Amino acid sequence: MKIYREISYLENALPSQVLDLYLPDSKQFPVFIYLHGGGLEAGSRADCSFYTALAEKGIAVVTADYRMYPTAKFPDFIEDAAAVVAWTQKNMPAYGEVTNLFVGGSSAGGYLSMMLCFDKSYLAAYGIDADALGGYIHDAGQPTTHFNVLRERGLDTRRVIIDEAAPLYHITENRSYAPMQIIVSEFDMENRPEQTHLLVSTLKHFGYEPEKLDFRFVKGSNHCAYVNARDDSGTWIFADMVHEFIAKTDKGWIKK
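Residues numbered from 1 in each chain as written. Predicted model: local features only at pLDDT ≥ 70, side-chain atom pairs only at ≥ 80, totals over all residues. Heavy atoms only, no water.

**Student:** Give a detailed account of the sheet that holds strand 2 (residues 18–23), specifying residues and quantitative values.
**Tutor:** One open sheet accounts for 8 strands, arranged 1-2-4-3-5-6-7-8; its pairing is mixed. Where the open sheet ends on each side, the last strands, each with one partner, are strand 1 (2–8) and strand 8 (213–222). Averaged over neighbouring strand pairs, the angle between their axes works out to 20 degrees when direction is ignored. Bridge count for strand 2 against strand 4 (residues 60–64) is 4 bridges, and the pairing is antiparallel. (Pairing = 2+ DSSP bridges. Helix = DSSP H or I, 4+ residues; strand = E, 2+ residues; numbered from the N terminus. Axes fitted to C-alpha atoms, helices over the stretch in contact; angles between N-to-C directions.)

This is the structure in structure tokens:
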């Protein structure tokens, strides 16, 4: 395994616009682009420990920082997430043969991955079709307008608003969505399980194929508690879920 750190993904990048790479020893691999959580106001790419577990399983990981509150504003953080995907698509072939790109994140990172998935305009700015990626892992993201985007507008952060800043707003017909893994906890943030179930039911309402959806309802868990946790056998819980999803989705990957 090789690790590369502090790579700028934009020209004239800010200190927050950097990423790290965790590469498996194999010459051919899928890539998982992971966006960290923290409410769009905290956290960093260094918060998680599961990256090496995925690299050891043959999956390359790109984990990135992005602009956040209070210096950022909507949609700066989504634009940065799109830039990470564009950098990865352009540059990862220099590190090995990429079989597919998967985009995901936890909590605020899940909101970002949802926005890239459902609002095609962000990736389209780089000539990328959001529906043509290998898949998405939306972990405990907010499918309505994010509570800190509401705070930016001076609104009560508990409000449930579905507008252009909400992933749900952009779900529509005549789309061939990529496969998705959607994860939420039984004891997640207040109203997060209900909103996640609404996301899933809305996808089904628009004809999203059930075989392309891997919905995980993590019983007995709090919000994202599994991301940096291992089970009794020592297996990284979140990394194992991601590996299972990618292994069954990326048909071109020579799995070990």
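Now that the structure is up, let's keep going.
**Student:** Would you mind going over the side chain of Asp-250 in detail, with residue names and values included?
**Tutor:** When you line up the elements, Asp-250 lands in the segment after helix 7 (237–249). Polar contacts involving the side chain of Asp-250 include one to the side chain of Thr-99, which spans 2.4 Å. (Polar contact = N/O pair within 3.5 Å; in protein donor to acceptor, adjacent residues only side chain to side chain.)

**Student:** Before we move on, can you summarise the pairing of strand 8 with the specific residues and values?
**Tutor:** Strand direction decides the pairing type here: strand 7 (residues 180–187) and strand 8, joined by 7 bridges, are parallel. Residue Met-180 lies in a different strand from strand 8, and its bridge partner there is Leu-213. Once you follow strand 7 into helix 6 (residues 192–205) and on to strand 8, the crossover reads as right-handed. (Right-handed = clockwise from strand over helix to strand, strands pointing away.)

**Student:** Requested: an account of the state of the cysteines, with residues and values cited.
**Tutor:** Here the structure, examined in full by the defined rule, presents 0 disulfides. The structure places no disulfide on Cys-48, whose sulfur is separated from the nearest cysteine sulfur, that of Cys-224, by 8.7 Å. Given a relative accessible area of 13%, Cys-48 falls into the buried group. (Disulfide = S-S within 2.5 Å. Buried < 20%, exposed > 50% of the residue type's maximum accessible area, 1.4 Å probe, protein only.)

**Student:** Can you explain the packing of aromatic side chains? Please cite residues and give values.
**Tutor:** As enumerated under the stated definition, the model contains 14 aromatic pairs in all. In textbook terms, an aromatic cluster arises when at least three aromatic residues are bridged by ring pairs, as seen for Tyr-22, Phe-32, Tyr-34, Phe-50, Tyr-51, Tyr-226 and Phe-238. (Phe/Tyr/Trp six-rings, centres within 6.5 Å; stacked < 30°, edge-to-face > 60°.)

**Student:** So what's going on with the environment of Ser-185? Residues and values would help.
**Tutor:** One can find Ser-185 in strand 7. You can call Ser-185 buried: its relative accessible area is 0%. Along the chain, Ser-185 and Asp-131 lie 54 residues apart, while their C-alpha atoms are 26 Å from each other. When neighbours within four sequence positions are excluded, Ser-185 is seen to be in contact with Pro-193, Phe-217, Val-218, Ser-221, Asn-222, His-223, Cys-224 and Tyr-226. In this structure the side chain of Ser-185 is engaged in a polar contact, spanning 3.5 Å, whose partner is the side chain of Ser-221. (Contact = heavy atoms within 4.5 Å.)

**Student:** Break down helix 3 (residues 108–118) for me, citing the residues and quoting the values.
**Tutor:** Counting buried residues along helix 3, 11 of its 11 residues qualify, which places the element largely inside the surrounding structure. Buried residues of helix 3: Ala-108, Gly-109, Gly-110, Tyr-111, Leu-112, Ser-113, Met-114, Met-115, Leu-116, Cys-117 and Phe-118, and no others.

**Student:** Requested: an account of the packing of helix 2 (residues 76–91) against helix 3, with residues and values cited.
**Tutor:** Direction vectors running N to C along helix 2 and helix 3 enclose 70 degrees, while the axes themselves pass 10 Å from each other. Judged by the inter-axis angle, helix 2 sits roughly perpendicular to helix 3. Seen from helix 2, the contacting residues are Phe-77, Ile-78, Ala-81, Ala-82 and Val-85; seen from helix 3, they are Tyr-111, Leu-112, Met-115 and Leu-116. For the contact of helix 2 with helix 3, a count of residues per class yields 9 nonpolar, no polar and no charged. (Parallel < 35°, antiparallel > 145°, perpendicular 65-115°, else oblique. Nonpolar A, V, L, I, M, F, W, Y, C, P; charged D, E, K, R; others polar.)

**Student:** Can you explain the pattern of salt bridges? Please cite residues and give values.
**Tutor:** By the definition in use, this model includes 16 salt bridges. In this structure, Asp-163 and Arg-153 form a salt bridge, with 2.7 Å as the shortest nitrogen-oxygen distance. In this pair, Asp-163 sits in the loop between helix 5 (147–152) and strand 7 while Arg-153 sits in the loop between helix 5 and strand 7, placing the two residues 10 residues apart along the sequence. By relative accessible area, which is 16% here, Asp-163 ends up buried. In this structure, Asp-156 engages Arg-158 in a salt bridge whose closest nitrogen and oxygen atoms are separated by 2.7 Å. We classify Asp-156 as partly exposed; its relative accessible area is 34%. The exposed category is assigned to Arg-158, whose relative accessible area is 69%. (Salt bridge = Lys/Arg side-chain N within 4 Å of Asp/Glu carboxyl O.)

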